[in-house]
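# Architecture and fold: a report
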Amino acid sequence: MSEMYSASAAKGLAAYQHNKDALLLAIESSCDETAASVLRGDREVLSMSVYTQIPLHRKFGGVVPELASRSHVEKIGEVVNYALESAKVTIDDISAIAVTCGPGLVGALLVGVSYAKGLAFAKGLPLIGVNHLAGHIAANYLTYPDLKPPFMCLVASGGHSHIIKVEDYHKFTLLGRTRDDAAGEAFDKVARALGLPYPGGPELEKLAREGDPNKYPFHSALNQSIEESDFSFSGIKTAVVNLLHNAEQKGESLDPADIAASFQRAVCDALTMKSVHAAKAHGMDTLALAGGVSANKALRGALEAECRRQGVRFCCPDFRFCTDNAAMIACAGHYGLMAGQLSGLELNAVPNLALC
Ligand code: KG4
Ligand code: ZN
(Lines give C-alpha, C1' and ligand atoms only; values in the text may rest on other atoms or scores of the structure.)
(Ligands and ions follow the chains in the order given, each with its own letter.)
Protein backbone atom coordinates (compact mmCIF):
# COMPACT_ATOMS: atom_id res chain seq x y z
CA MET A 1 0.00 0.00 0.00
CA SER A 2 2.71 2.47 0.99
CA GLU A 3 4.83 1.48 -2.08
CA MET A 4 1.85 2.30 -4.26
CA TYR A 5 1.59 5.69 -2.55
CA SER A 6 5.35 6.38 -2.94
CA ALA A 7 5.23 5.64 -6.67
CA SER A 8 2.22 7.89 -7.12
CA ALA A 9 3.83 10.70 -5.04
CA ALA A 10 7.08 10.49 -7.06
CA LYS A 11 5.13 10.70 -10.30
CA GLY A 12 3.11 13.58 -8.88
CA LEU A 13 6.29 15.41 -7.90
CA ALA A 14 7.66 15.22 -11.44
CA ALA A 15 4.34 16.51 -12.80
CA TYR A 16 4.30 19.31 -10.22
CA GLN A 17 7.82 20.39 -11.12
CA HIS A 18 6.92 20.60 -14.81
CA ASN A 19 3.75 22.62 -14.43
CA LYS A 20 4.40 26.25 -13.52
CA ASP A 21 0.69 26.74 -12.79
CA ALA A 22 0.32 23.70 -10.53
CA LEU A 23 -1.82 24.21 -7.43
CA LEU A 24 -0.53 23.44 -3.96
CA LEU A 25 -2.64 23.14 -0.81
CA ALA A 26 -0.90 24.06 2.46
CA ILE A 27 -1.93 23.48 6.06
CA GLU A 28 -0.60 25.21 9.19
CA SER A 29 -1.53 24.26 12.76
CA SER A 30 1.66 24.77 14.79
CA CYS A 31 0.20 26.97 17.54
CA ASP A 32 -3.12 28.80 17.93
CA GLU A 33 -4.17 29.35 14.32
CA THR A 34 -5.71 26.71 12.06
CA ALA A 35 -4.88 27.80 8.53
CA ALA A 36 -5.02 26.59 4.94
CA SER A 37 -4.10 28.16 1.63
CA VAL A 38 -4.05 27.40 -2.09
CA LEU A 39 -1.01 28.62 -4.05
CA ARG A 40 -0.62 28.65 -7.84
CA GLY A 41 2.93 28.32 -9.12
CA ASP A 42 5.58 29.88 -6.93
CA ARG A 43 3.98 33.01 -5.50
CA GLU A 44 0.35 33.48 -6.49
CA VAL A 45 -1.91 33.12 -3.44
CA LEU A 46 -5.37 32.02 -4.61
CA SER A 47 -6.84 31.76 -1.12
CA MET A 48 -6.01 31.96 2.56
CA SER A 49 -8.24 30.81 5.37
CA VAL A 50 -7.33 31.27 9.02
CA TYR A 51 -9.33 30.31 12.09
CA THR A 52 -7.82 32.02 15.10
CA GLN A 53 -8.10 30.53 18.58
CA ILE A 54 -7.30 33.82 20.34
CA PRO A 55 -10.74 34.14 22.03
CA LEU A 56 -10.39 30.55 23.29
CA HIS A 57 -7.02 31.16 25.02
CA ARG A 58 -7.60 34.77 26.08
CA LYS A 59 -9.24 33.93 29.40
CA PHE A 60 -6.16 31.88 30.38
CA GLY A 61 -3.69 34.63 29.42
CA GLY A 62 -1.78 32.37 27.00
CA VAL A 63 -2.03 29.32 24.76
CA VAL A 64 -3.32 26.17 26.50
CA PRO A 65 -1.81 23.35 24.38
CA GLU A 66 -4.55 20.77 24.97
CA LEU A 67 -7.29 23.24 24.05
CA ALA A 68 -5.30 24.26 20.97
CA SER A 69 -5.07 20.65 19.72
CA ARG A 70 -8.77 20.01 20.25
CA SER A 71 -9.75 23.20 18.46
CA HIS A 72 -7.49 22.31 15.50
CA VAL A 73 -9.23 18.92 15.25
CA GLU A 74 -12.65 20.58 15.29
CA LYS A 75 -11.84 23.23 12.69
CA ILE A 76 -9.30 21.81 10.26
CA GLY A 77 -11.80 20.24 7.84
CA GLU A 78 -13.81 23.45 7.63
CA VAL A 79 -10.69 25.60 7.20
CA VAL A 80 -9.31 23.42 4.38
CA ASN A 81 -12.68 23.31 2.61
CA TYR A 82 -13.00 27.07 2.88
CA ALA A 83 -9.53 27.56 1.35
CA LEU A 84 -10.46 25.29 -1.58
CA GLU A 85 -13.85 26.93 -2.07
CA SER A 86 -12.53 30.47 -1.98
CA ALA A 87 -9.84 29.52 -4.51
CA LYS A 88 -12.74 28.14 -6.62
CA VAL A 89 -11.10 24.72 -6.89
CA THR A 90 -11.69 21.23 -5.52
CA ILE A 91 -9.22 18.78 -4.01
CA ASP A 92 -9.03 17.10 -7.44
CA ASP A 93 -7.39 20.25 -8.87
CA ILE A 94 -4.59 20.13 -6.27
CA SER A 95 -1.18 18.75 -7.33
CA ALA A 96 0.74 18.76 -4.03
CA ILE A 97 0.29 19.18 -0.28
CA ALA A 98 2.51 21.07 2.17
CA VAL A 99 2.17 21.05 5.95
CA THR A 100 4.02 22.60 8.88
CA CYS A 101 5.78 19.77 10.73
CA GLY A 102 7.68 21.87 13.32
CA PRO A 103 8.66 23.74 15.38
CA GLY A 104 5.53 24.24 17.46
CA LEU A 105 3.23 22.51 19.94
CA VAL A 106 3.40 18.78 19.32
CA GLY A 107 -0.32 18.10 19.68
CA ALA A 108 -1.23 21.05 17.49
CA LEU A 109 1.31 20.11 14.80
CA LEU A 110 0.09 16.51 14.78
CA VAL A 111 -3.40 17.58 13.77
CA GLY A 112 -2.16 19.30 10.60
CA VAL A 113 0.41 16.61 9.81
CA SER A 114 -2.12 13.79 10.18
CA TYR A 115 -4.73 15.60 8.11
CA ALA A 116 -2.22 16.38 5.35
CA LYS A 117 -0.96 12.80 5.31
CA GLY A 118 -4.53 11.49 5.05
CA LEU A 119 -5.29 13.77 2.11
CA ALA A 120 -1.98 13.02 0.35
CA PHE A 121 -2.52 9.28 0.76
CA ALA A 122 -6.15 9.35 -0.34
CA LYS A 123 -5.34 11.36 -3.47
CA GLY A 124 -1.86 9.92 -4.17
CA LEU A 125 -0.36 13.41 -4.03
CA PRO A 126 3.22 14.45 -3.22
CA LEU A 127 3.57 15.69 0.37
CA ILE A 128 6.17 18.00 1.90
CA GLY A 129 6.73 18.82 5.58
CA VAL A 130 7.70 22.45 6.01
CA ASN A 131 9.68 24.14 8.78
CA HIS A 132 7.49 26.91 10.24
CA LEU A 133 10.41 29.39 10.23
CA ALA A 134 11.15 28.68 6.54
CA GLY A 135 7.48 29.56 6.06
CA HIS A 136 7.85 32.89 7.86
CA ILE A 137 10.88 33.73 5.69
CA ALA A 138 8.93 32.77 2.53
CA ALA A 139 6.23 35.32 3.47
CA ASN A 140 8.65 37.84 1.96
CA TYR A 141 8.61 36.06 -1.44
CA LEU A 142 4.82 36.45 -1.49
CA THR A 143 5.20 40.18 -0.89
CA TYR A 144 8.13 40.92 -3.23
CA PRO A 145 7.85 39.07 -6.58
CA ASP A 146 11.48 39.92 -7.40
CA LEU A 147 13.04 38.85 -4.08
CA LYS A 148 15.55 36.02 -4.41
CA PRO A 149 18.22 34.59 -2.09
CA PRO A 150 20.78 35.35 -0.89
CA PHE A 151 19.69 37.88 1.71
CA MET A 152 19.85 38.40 5.46
CA CYS A 153 16.71 37.72 7.47
CA LEU A 154 15.64 38.68 10.97
CA VAL A 155 13.07 36.17 12.22
CA ALA A 156 11.23 37.50 15.28
CA SER A 157 8.31 35.41 16.49
CA GLY A 158 6.79 34.11 19.70
CA GLY A 159 9.37 31.35 19.96
CA HIS A 160 12.39 32.58 17.99
CA SER A 161 14.64 35.59 17.45
CA HIS A 162 17.11 34.55 14.79
CA ILE A 163 19.46 36.32 12.43
CA ILE A 164 19.61 33.98 9.46
CA LYS A 165 21.54 34.17 6.23
CA VAL A 166 19.21 32.84 3.54
CA GLU A 167 21.77 31.26 1.21
CA ASP A 168 19.17 29.69 -1.05
CA TYR A 169 15.42 28.92 -0.93
CA HIS A 170 16.10 25.91 1.29
CA LYS A 171 19.59 26.59 2.64
CA PHE A 172 19.95 28.67 5.78
CA THR A 173 22.83 29.64 8.07
CA LEU A 174 22.06 30.69 11.63
CA LEU A 175 24.22 33.67 12.61
CA GLY A 176 22.59 34.79 15.85
CA ARG A 177 19.80 33.83 18.22
CA THR A 178 18.30 34.82 21.52
CA ARG A 179 20.02 33.38 24.55
CA ASP A 180 16.82 33.50 26.61
CA ASP A 181 13.38 34.86 25.69
CA ALA A 182 12.31 35.38 22.09
CA ALA A 183 11.31 38.93 21.15
CA GLY A 184 7.61 38.03 20.84
CA GLU A 185 7.75 36.12 24.11
CA ALA A 186 9.21 39.21 25.85
CA PHE A 187 6.43 41.36 24.34
CA ASP A 188 3.83 38.89 25.63
CA LYS A 189 5.33 38.69 29.14
CA VAL A 190 5.71 42.46 29.54
CA ALA A 191 2.19 42.95 28.21
CA ARG A 192 0.95 40.54 30.85
CA ALA A 193 2.83 42.40 33.59
CA LEU A 194 1.11 45.58 32.37
CA GLY A 195 -2.27 43.87 32.65
CA LEU A 196 -2.90 43.68 28.89
CA PRO A 197 -4.82 40.74 27.39
CA TYR A 198 -3.33 37.89 25.33
CA PRO A 199 -1.82 38.09 22.74
CA GLY A 200 0.27 40.81 24.29
CA GLY A 201 2.42 41.95 21.35
CA PRO A 202 -0.22 43.86 19.36
CA GLU A 203 -1.83 45.21 22.56
CA LEU A 204 1.51 46.49 23.84
CA GLU A 205 2.18 48.13 20.48
CA LYS A 206 -1.15 49.99 20.71
CA LEU A 207 -0.41 51.22 24.25
CA ALA A 208 3.14 52.25 23.28
CA ARG A 209 1.79 54.70 20.69
CA GLU A 210 0.72 57.03 23.51
CA GLY A 211 3.94 56.74 25.52
CA ASP A 212 7.42 58.27 25.63
CA PRO A 213 9.99 55.77 24.26
CA ASN A 214 12.82 57.66 25.99
CA LYS A 215 11.33 57.68 29.49
CA TYR A 216 13.05 54.51 30.77
CA PRO A 217 16.44 53.34 29.48
CA PHE A 218 15.93 49.54 29.48
CA HIS A 219 19.39 48.29 28.48
CA SER A 220 20.99 44.90 28.16
CA ALA A 221 24.78 44.62 27.95
CA LEU A 222 24.64 41.87 25.30
CA ASN A 223 22.25 43.86 23.13
CA GLN A 224 24.53 46.89 23.29
CA SER A 225 27.30 45.20 21.27
CA ILE A 226 26.38 45.16 17.59
CA GLU A 227 29.21 42.82 16.60
CA GLU A 228 27.72 40.14 18.87
CA SER A 229 24.83 38.61 16.87
CA ASP A 230 23.06 36.94 19.82
CA PHE A 231 20.23 38.70 21.64
CA SER A 232 19.00 38.71 25.22
CA PHE A 233 15.52 39.93 26.09
CA SER A 234 14.81 38.46 29.51
CA GLY A 235 16.90 41.17 31.29
CA ILE A 236 14.81 43.91 29.70
CA LYS A 237 11.64 42.08 30.68
CA THR A 238 12.87 41.71 34.29
CA ALA A 239 13.78 45.42 34.42
CA VAL A 240 10.18 46.28 33.50
CA VAL A 241 8.75 43.86 36.06
CA ASN A 242 11.07 45.24 38.80
CA LEU A 243 10.12 48.81 37.92
CA LEU A 244 6.44 47.93 38.26
CA HIS A 245 6.94 46.07 41.58
CA ASN A 246 9.02 48.87 43.12
CA ALA A 247 6.46 51.47 42.13
CA GLU A 248 3.66 49.33 43.54
CA GLN A 249 5.49 48.92 46.87
CA LYS A 250 6.06 52.66 47.15
CA GLY A 251 2.47 53.36 46.18
CA GLU A 252 3.61 55.33 43.11
CA SER A 253 1.70 55.25 39.87
CA LEU A 254 3.60 55.01 36.59
CA ASP A 255 2.26 55.67 33.12
CA PRO A 256 2.03 52.20 31.51
CA ALA A 257 2.19 53.78 28.04
CA ASP A 258 5.69 55.14 28.82
CA ILE A 259 6.81 51.71 30.02
CA ALA A 260 5.38 50.02 26.92
CA ALA A 261 6.99 52.56 24.60
CA SER A 262 10.39 52.36 26.34
CA PHE A 263 10.33 48.55 26.35
CA GLN A 264 9.34 48.39 22.70
CA ARG A 265 12.10 50.82 21.81
CA ALA A 266 14.75 48.75 23.66
CA VAL A 267 13.68 45.56 21.83
CA CYS A 268 13.41 47.27 18.43
CA ASP A 269 16.82 48.96 18.83
CA ALA A 270 18.56 45.65 19.57
CA LEU A 271 16.83 43.80 16.72
CA THR A 272 17.54 46.64 14.29
CA MET A 273 21.18 47.39 15.08
CA LYS A 274 22.28 43.76 15.11
CA SER A 275 20.45 42.61 12.02
CA VAL A 276 21.45 45.55 9.84
CA HIS A 277 25.03 45.12 11.05
CA ALA A 278 24.90 41.41 10.17
CA ALA A 279 23.63 42.23 6.67
CA LYS A 280 26.46 44.69 6.08
CA ALA A 281 29.12 42.47 7.66
CA HIS A 282 28.14 39.57 5.36
CA GLY A 283 27.94 41.74 2.24
CA MET A 284 24.16 41.32 1.86
CA ASP A 285 22.35 44.08 0.02
CA THR A 286 18.93 43.06 1.38
CA LEU A 287 17.56 42.55 4.88
CA ALA A 288 14.16 40.90 5.27
CA LEU A 289 12.02 40.77 8.39
CA ALA A 290 9.85 37.74 9.26
CA GLY A 291 7.78 36.21 12.08
CA GLY A 292 4.82 37.48 14.08
CA VAL A 293 6.72 40.48 15.50
CA SER A 294 7.17 41.72 11.91
CA ALA A 295 3.62 43.10 12.29
CA ASN A 296 5.02 45.68 14.73
CA LYS A 297 5.07 49.08 13.02
CA ALA A 298 7.75 50.51 15.32
CA LEU A 299 10.08 47.65 14.38
CA ARG A 300 9.30 47.96 10.67
CA GLY A 301 9.94 51.71 10.88
CA ALA A 302 13.22 51.36 12.81
CA LEU A 303 14.55 48.73 10.40
CA GLU A 304 13.48 50.68 7.35
CA ALA A 305 15.18 53.87 8.59
CA GLU A 306 18.43 52.11 9.54
CA CYS A 307 18.51 50.14 6.27
CA ARG A 308 18.03 53.35 4.31
CA ARG A 309 20.84 55.01 6.28
CA GLN A 310 23.18 52.08 5.57
CA GLY A 311 22.21 51.54 1.92
CA VAL A 312 20.52 48.15 2.46
CA ARG A 313 17.20 47.18 0.82
CA PHE A 314 14.58 46.45 3.47
CA CYS A 315 11.77 43.92 2.91
CA CYS A 316 8.95 43.01 5.27
CA PRO A 317 5.87 40.87 4.66
CA ASP A 318 2.50 42.32 3.79
CA PHE A 319 0.53 42.50 7.09
CA ARG A 320 -1.67 39.51 6.16
CA PHE A 321 1.44 37.31 5.90
CA CYS A 322 3.13 38.46 9.17
CA THR A 323 1.46 36.25 11.76
CA ASP A 324 0.84 32.54 11.31
CA ASN A 325 -0.84 31.64 8.01
CA ALA A 326 -0.67 28.84 5.48
CA ALA A 327 0.21 30.88 2.37
CA MET A 328 3.78 31.23 3.65
CA ILE A 329 3.92 27.46 4.27
CA ALA A 330 2.67 26.89 0.72
CA CYS A 331 5.41 29.08 -0.74
CA ALA A 332 8.18 27.41 1.30
CA GLY A 333 6.70 24.01 0.38
CA HIS A 334 6.76 24.94 -3.30
CA TYR A 335 10.48 25.71 -3.25
CA GLY A 336 11.16 22.49 -1.33
CA LEU A 337 9.28 20.42 -3.92
CA MET A 338 11.09 22.20 -6.76
CA ALA A 339 14.35 21.12 -5.09
CA GLY A 340 13.11 17.52 -5.08
CA GLN A 341 12.29 17.30 -1.38
CA LEU A 342 9.47 14.89 -0.64
CA SER A 343 8.15 13.64 2.70
CA GLY A 344 6.81 10.12 3.00
CA LEU A 345 3.88 8.95 5.09
CA GLU A 346 6.33 8.56 7.98
CA LEU A 347 6.34 12.37 8.29
CA ASN A 348 6.00 13.29 11.96
CA ALA A 349 5.56 16.44 14.05
CA VAL A 350 8.87 17.66 15.51
CA PRO A 351 8.21 20.28 18.22
CA ASN A 352 11.80 21.58 18.29
CA LEU A 353 12.61 21.17 14.60
CA ALA A 354 15.72 23.20 13.71
CA LEU A 355 15.93 25.24 10.53
CA CYS A 356 19.68 24.84 10.12
O1 KG4 B 1 4.89 34.04 14.26
P2 KG4 B 1 3.83 34.10 15.26
O3 KG4 B 1 2.43 34.45 14.80
O4 KG4 B 1 3.76 32.75 16.04
C5 KG4 B 1 4.96 32.05 16.31
O6 KG4 B 1 5.47 31.41 15.36
O7 KG4 B 1 5.45 32.20 17.44
O8 KG4 B 1 4.29 35.13 16.34
C9 KG4 B 1 3.52 35.40 17.46
C10 KG4 B 1 4.25 36.42 18.29
C11 KG4 B 1 3.57 36.66 19.62
O12 KG4 B 1 4.56 36.68 20.62
C13 KG4 B 1 2.93 38.02 19.42
O14 KG4 B 1 2.77 38.75 20.62
C15 KG4 B 1 3.93 38.69 18.51
O16 KG4 B 1 4.30 37.67 17.60
N17 KG4 B 1 3.33 39.81 17.77
C18 KG4 B 1 3.68 41.10 17.97
C19 KG4 B 1 2.83 41.87 17.15
N20 KG4 B 1 1.98 41.01 16.49
C21 KG4 B 1 2.31 39.76 16.89
N22 KG4 B 1 4.63 41.63 18.74
C23 KG4 B 1 4.75 42.97 18.71
N24 KG4 B 1 3.97 43.78 17.98
C25 KG4 B 1 2.99 43.28 17.18
N26 KG4 B 1 2.22 44.08 16.46
ZN1 ZN C 1 4.88 31.76 13.54
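Quick caveat, the model's predicted, so the values are computed rather than measured.

### Some points on the environment of K206
With respect to the helices and strands, the residue K206 is situated in helix α7 (residues 200-208). Put simply, K206 and A261 are 55 residues apart on the chain and 9.4 Å apart in space, counted from C-alpha to C-alpha.

### So, the site of ligand 1
Within the structure, ligand 1 sits among 18 residues, and H136, G158, D188, E205 and G292 are positioned closest to it. Here an oxygen atom of ligand 1 sits 3.1 Å away from a polar atom, N or O, in the side chain of H132. Between an oxygen atom of ligand 1 and a main-chain N or O atom of G184, the distance comes to 3.1 Å. Taking 540 Å² as the accessible area of ligand 1 by itself, protein coverage stands at 88%. At the level of elements, α5 (132-143), α6 (183-193) and α7 are the ones that each hand at least two residues to the shell around ligand 1. When the residues that make up the shell around ligand 1 are grouped by side-chain class, the tally is four nonpolar, 11 polar and three charged. Split by domain, the residues of the shell around ligand 1 number at least three in each of domain 1 (2-138 + 323-338) and domain 2 (149-317).

### Topic: the state of the cysteines
Counted according to the given criterion, the structure contains zero disulfides. Free of any disulfide, C153 has its nearest neighbouring cysteine sulfur in C315, separated by 9.4 Å. A residue is classified by how much of its surface remains accessible, and C153, at 0% relative accessible area, is buried. A disulfide-free cysteine, C322 has its sulfur positioned 6.7 Å from the sulfur of C316, the nearest such atom. We classify C322 as buried; its relative accessible area is 1%.

### What about the pairing of strand β1 (residues 23-28)?
On a regular strand, each side chain points to the face opposite its neighbour's, so the side chains alternate between the two faces of the sheet. Most of β1 sits out of view: six of its six residues are buried. Here β1 shows a buried face lined by L23, L25 and I27 and a second buried face lined by L24, A26 and E28. Two strands pair when backbone bridges link them, and β1 and strand β2 (residues 33-40) are joined in this way by six bridges, in the antiparallel orientation. Among the inter-strand pairings, I27 is bridged to a residue of β2, identified as A36. Taking the residues between adjacent antiparallel strands as the criterion, β1 and β2 are bridged by four residues.

### A short note on the domain arrangement of the protein chain
Each assigned domain of the protein chain is listed with its residue range as follows: domain 1 (2-138 + 323-338) and domain 2 (149-317). Here domain 1 and domain 2 have C-alpha centroids that lie 29 Å from each other. With 16 residues of domain 1 at the interface, the matching set in domain 2 holds 18 residues. Interface of domain 1 and domain 2: buried area, both sides summed, is about 1400 Å²; carbon and sulfur atoms make up 72% of it. When the buried area of domain 1 at its contact with domain 2 is split by residue, R58, L133 and I137 rank highest and sum to 41% of it. Where domain 1 meets domain 2, there are one salt bridge.

### Some words on the coordination of the zinc ion (ligand 2)
Listed as protein donors to the zinc ion (ligand 2) are H132 (NE2), H136 (NE2) and D324 (OD); their distances from the metal cover 2.0 to 2.1 Å. When the donor residues of the zinc ion (ligand 2) are listed from N- to C-terminus, their spacing reads H-x3-H-x187-D. With H136 in helix α5 and D324 in the loop between β10 (313-315) and α12 (327-338), this pair connects stretches of sequence that are 188 residues apart. A residue is classified by how much of its surface remains accessible, and D324, at 15% relative accessible area, is buried.

### As for the pattern of salt bridges
The final tally for this structure, using the stated rule, is 18 salt bridges. Among the salt bridges present, the one from D146 reaches R313, with a minimum N-O distance of 3.2 Å. Of this pair, D146 sits in the loop between α5 and β6 (151-156) while R313 is found in strand β10, placing the two residues 167 residues apart along the sequence. Where E228 meets R179, a salt bridge forms, and the shortest distance between an N and an O atom there is 3.4 Å. Of this pair, E228 sits in the loop between α8 (221-224) and α9 (234-250) while R179 is found in the loop between β8 (171-177) and α6, placing the two residues 49 residues apart along the sequence. Judged by relative accessible area, E228 falls into the partly exposed class, the value being 28%. The class of R179 is exposed, set by a relative accessible area of 52%. What you see here is one network of salt bridges that share partners, running through D181, E185, K189 and K237.

Rules used throughout
- Residues numbered from 1 in each chain as written.
- Chains lettered and ligands numbered in written order.
- Predicted model: local features only at pLDDT ≥ 70, side-chain atom pairs only at ≥ 80, totals over all residues.
- Heavy atoms only, no water.
- Helix = DSSP H or I, 4+ residues; strand = E, 2+ residues; numbered from the N terminus.
- Near = heavy atom within 4 Å.
- Polar contact = N/O pair within 3.5 Å; in protein donor to acceptor, adjacent residues only side chain to side chain.
- Areas by Shrake-Rupley, 256 points an atom, 1.4 Å probe, with all protein chains shown as cover.
- Nonpolar A, V, L, I, M, F, W, Y, C, P; charged D, E, K, R; others polar.
- Domains from an automatic or database assignment.
- Disulfide = S-S within 2.5 Å.
- Buried < 20%, exposed > 50% of the residue type's maximum accessible area, 1.4 Å probe, protein only.
- Pairing = 2+ DSSP bridges.
- Contact = heavy atoms within 4.5 Å.
- Buried area = accessible area lost by both parts, 1.4 Å probe.
- Salt bridge = Lys/Arg side-chain N within 4 Å of Asp/Glu carboxyl O.
- Donors = N, O, S within 2.8 Å, 3.2 Å for Na, K, Ca; no water.

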